[in-house]
Amino acid sequence: PGGTTASAASIIAGYQQATADDPRLLPLMIFPEGTTKMQRCLVKYRSGAFVSGLPVQPLVLRFPHRFCDISWVQPGVWQNIFKMLTQWYNPVEVQWLDVYKPDEAQRQDSQLYAEGVQSVFAAVLKLPEELSSRSVDNVVLARYRRAQAKLTSKRGSKVKPDKE
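Numbers given for residues are sequential positions, taken from 1 along each chain in its written order. It should be noted that, the model being predicted, local features are given only for residues of pLDDT at least 70 and side-chain atom pairs only at 80 or more, the latter also being counted only at that level, while totals for whole chains, interfaces and linings use all residues. The basis for every side-chain value is the complete set of heavy atoms in the structure, and neither hydrogens nor water enter the calculation.

K.L.:
Residue-level account of the overall build of the protein chain, with values.
P.N.:
Runs of E in the DSSP output that reach at least two residues are strands. Runs of H or I that reach at least four are helices, and both are numbered from the N terminus. When helices and strands are counted, the protein chain shows 5 helices and 2 strands. Listing the helices and strands of the protein chain from first to last along the sequence gives α-β-α-β-α-α-α. Classification of residues uses two cut-offs on accessible area relative to the type maximum, computed with a 1.4 Å probe and protein chains only: under 20% is buried, over 50% is exposed, and between them is partly exposed. Residues classed as buried in the protein chain amount to 29% of the 164 residues present. For the protein chain, the share of sequence-separated contacts (at least 6 apart) that also reach a separation of at least 24 residues comes to 65%. Accessible surface computed for the protein chain: about 11200 Å², of which carbon and sulfur atoms make up 59%. Every residue pair with non-hydrogen atoms within 4.5 Å of one another is taken to be in contact. Accessible surface is estimated by sampling points in the Shrake-Rupley manner with a 1.4 Å probe; for residues, cover comes only from the protein chains shown.

K.L.:
Tell me about a nonpolar patch on the surface, and name the residues and values.
P.N.:
Here, patches come from residues exposed beyond 30% relative accessible area and free of salt bridges, joined within 9 Å for like charges and within 5 Å for nonpolar side chains (Val, Leu, Ile, Met, Phe, Trp, Tyr). A side-chain nitrogen of Lys or Arg and a carboxyl oxygen of Asp or Glu constitute a salt bridge if their distance falls within 4 Å. A grouping of Met29, Phe31, Leu61, Val92, Val94 and Trp96 is seen on the molecular surface, where their side chains present a nonpolar patch of about 620 Å² in accessible area. Positionally, Phe31 belongs in the loop between α1 (8-21) and β1 (59-62). Assessed through its relative accessible area of 48%, Phe31 is described here as partly exposed.

K.L.:
Explain the packing of aromatic side chains residue by residue, including any values.
P.N.:
Geometry of aromatic contacts follows a simple scheme: Phe, Tyr and Trp rings, the Trp one being its six-membered ring, pair when their centres are within 6.5 Å, and the pair is stacked under 30 degrees between planes, edge-to-face over 60, tilted otherwise. In the structure shown here, the tally under the stated rule is 3 aromatic pairs. Each ring, one from Tyr100 and one from Tyr113, has its centre 5.8 Å from the other, and the planes form 25°; the classification is stacked. Here Tyr100, found in the loop between β2 (93-96) and α3 (104-108), pairs with Tyr113, found in helix α4 (residues 110-124); they are 13 residues apart in sequence, far enough to count as distant. Each of the two residues, Tyr100 as well as Tyr113, counts as buried. Feature note: the residues Phe50, Tyr100 and Tyr113 constitute an aromatic cluster, connected by ring pairs.

K.L.:
How would you sum up the nonpolar core? Please name residues and give values.
P.N.:
Residues grouped as a nonpolar core are buried Ala, Val, Leu, Ile, Met, Phe, Trp, Tyr and Cys residues, joined through side-chain atoms within 4.5 Å. Of all hydrophobic cores here, the largest spans 15 residues; its most connected members are Leu42, Tyr45, Phe50, Val56, Tyr113, Val117 and Phe121. The leading source of residues in this core is α4, at 5 residues. Those residues in contact with Phe50 that lie beyond four places of it in its chain are Pro32, Tyr45, Val56, Ser110, Tyr113, Ala114 and Val117.

Shown next, in the form of structure tokens:
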């Protein structure tokens, strides 16, 4: 009350600057898509992680699976949690990428910076350009999933909705 409210982006930028100045601070981990989903596509990266214009250390997480894909693609959260808990183990692969240093244009435009980092991720994941969206964000993706689920339930079929 009475104070100014800082945006999430300014808080992130402030902490990024602080960690650049003091290496004893813990690095900040941000998921720029703002969601988890199948690793066969990327949705538009949010720009908040890139507003500081400082270099970032990209990290790719993969969840190889045999029975249950734990990347939140099942129709419901509880079904996904049940499947995760009934697997013997849930492996994760971590791949550290080279530090991404933005050029001058990217330092001035956080969305351009986000797109540059997203292109690196797409290349590492070997995704074709059409599966790395720079326009579809989480809200659009969630609407699509709900519409697909409604269509499936109306048909009364046991066919699962598309997984993106």
